[in-house]
Amino acid sequence: MNQLTIRGFDAELAAYIQDLARREGISLNRAVMRLLRRGAELDAGKADDVVGSSLDHLMGTWSTEEADRIDQALEDFSRIDEAMWK
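About the thresholds
Residues numbered from 1 in each chain as written. Predicted model: local features only at pLDDT ≥ 70, side-chain atom pairs only at ≥ 80, totals over all residues. Heavy atoms only, no water. Patch = residues over 30% accessible without salt bridge, like charges linked within 9 Å, V, L, I, M, F, W, Y side chains within 5 Å. Areas by Shrake-Rupley, 256 points an atom, 1.4 Å probe, with all protein chains shown as cover. Salt bridge = Lys/Arg side-chain N within 4 Å of Asp/Glu carboxyl O. Helix = DSSP H or I, 4+ residues; strand = E, 2+ residues; numbered from the N terminus. Buried < 20%, exposed > 50% of the residue type's maximum accessible area, 1.4 Å probe, protein only. Axes fitted to C-alpha atoms, helices over the stretch in contact; angles between N-to-C directions. Parallel < 35°, antiparallel > 145°, perpendicular 65-115°, else oblique. Contact = heavy atoms within 4.5 Å. Nonpolar A, V, L, I, M, F, W, Y, C, P; charged D, E, K, R; others polar. Lys, Arg positive; Asp, Glu negative; His and termini not counted. Charge placed at Lys NZ, Arg CZ, Asp CG, Glu CD. Core = buried A, V, L, I, M, F, W, Y, C linked by side-chain atoms within 4.5 Å.

**Q** Describe a nonpolar patch on the surface, and please don't skip the residues or the numbers.
**A** Where nonpolar side chains cluster on the molecular surface, the patch consists of Leu-4, Ile-6, Phe-9, Leu-13, Tyr-16, Met-33 and Leu-36 and spans about 680 Å² of accessible area. Breaking the nonpolar patch down by element, the ones donating at least two residues are α1 (11-24) and α2 (28-39). With respect to the secondary-structure elements, Ile-6 resides in the segment before α1.

So this is what it looks like as structure tokens:
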């Protein structure tokens, strides 16, 4: 395995790397490697099944009642209007 020292990155990038590592539960090194590979487009085919993490902060925040209301509100979208497909 090769070793590389990187100098000169700013506080914003350092905070992003630390946040990524914390969110994903991975080491800082692994977070940096993930970002480098993504930036170099070396993982292009591997991310096809990834949904993303932009809504992760909402996971587990709804109460059962809120989830039920959302399910009811979305129920119409699961019905197929057969007349439209004739």
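**Q** Which residues make up the pattern of salt bridges, and what values do they have?
**A** Taken as a whole, this structure holds five salt bridges when the rule is applied. Residue Asp-19 pairs with Arg-22 through a salt bridge whose shortest N-O separation is 2.1 Å. Here Asp-19 pairs with Arg-22, and both are found in helix α1, just three residues apart, close to one helical turn. Accessibility expressed as a relative area gives 59% for Arg-22, which makes it exposed. For the salt bridge of Glu-75 with Arg-79, the shortest nitrogen-to-oxygen distance reads 3.0 Å.

**Q** Break down the packing of α1 against α2 for me, citing the residues and quoting the values.
**A** At a minimum axis separation of 8 Å, α1 and α2 run at an interaxial angle of 110 degrees. In terms of orientation, α1 and α2 fall into the roughly perpendicular class. Between α1, through Tyr-16, Ile-17, Gln-18, Leu-20, Ala-21 and Glu-24, and α2, the contact on the second element is made entirely by Leu-28, Ala-31, Val-32, Arg-34, Leu-35 and Arg-38. The residue makeup of the contact of α1 with α2, split by class, is eight nonpolar, one polar and three charged.

**Q** Talk me through a negative patch on the surface; I want residue IDs and the actual numbers.
**A** A cluster of acidic residues, Glu-65, Glu-66, Asp-68 and Asp-71, forms a negative patch on the protein surface. Tracing the chain through its elements places Glu-66 in helix α3 (residues 64-74).

**Q** I'd like to hear about the nonpolar core, residue by residue, with values.
**A** The nonpolar side chains of a soluble globular protein tend to be buried with one another. Among the nonpolar cores identified, the biggest contains five residues, and these are Ile-17, Leu-20, Ala-21, Ile-26 and Ala-31. Examining the composition of this core, we find that three residues originate from one element, α1, more than from any other. With sequence-adjacent residues up to four places away left out, Ile-26 is seen in contact with Leu-20, Ala-21, Ala-31 and Arg-34.

**Q** Please give an account of the environment of Val-32 that cites residues and values.
**A** Inspection of the secondary structure puts Val-32 in helix α2. Separated by twelve residues in sequence, Val-32 and Leu-20 have C-alpha atoms that sit 9.0 Å apart.

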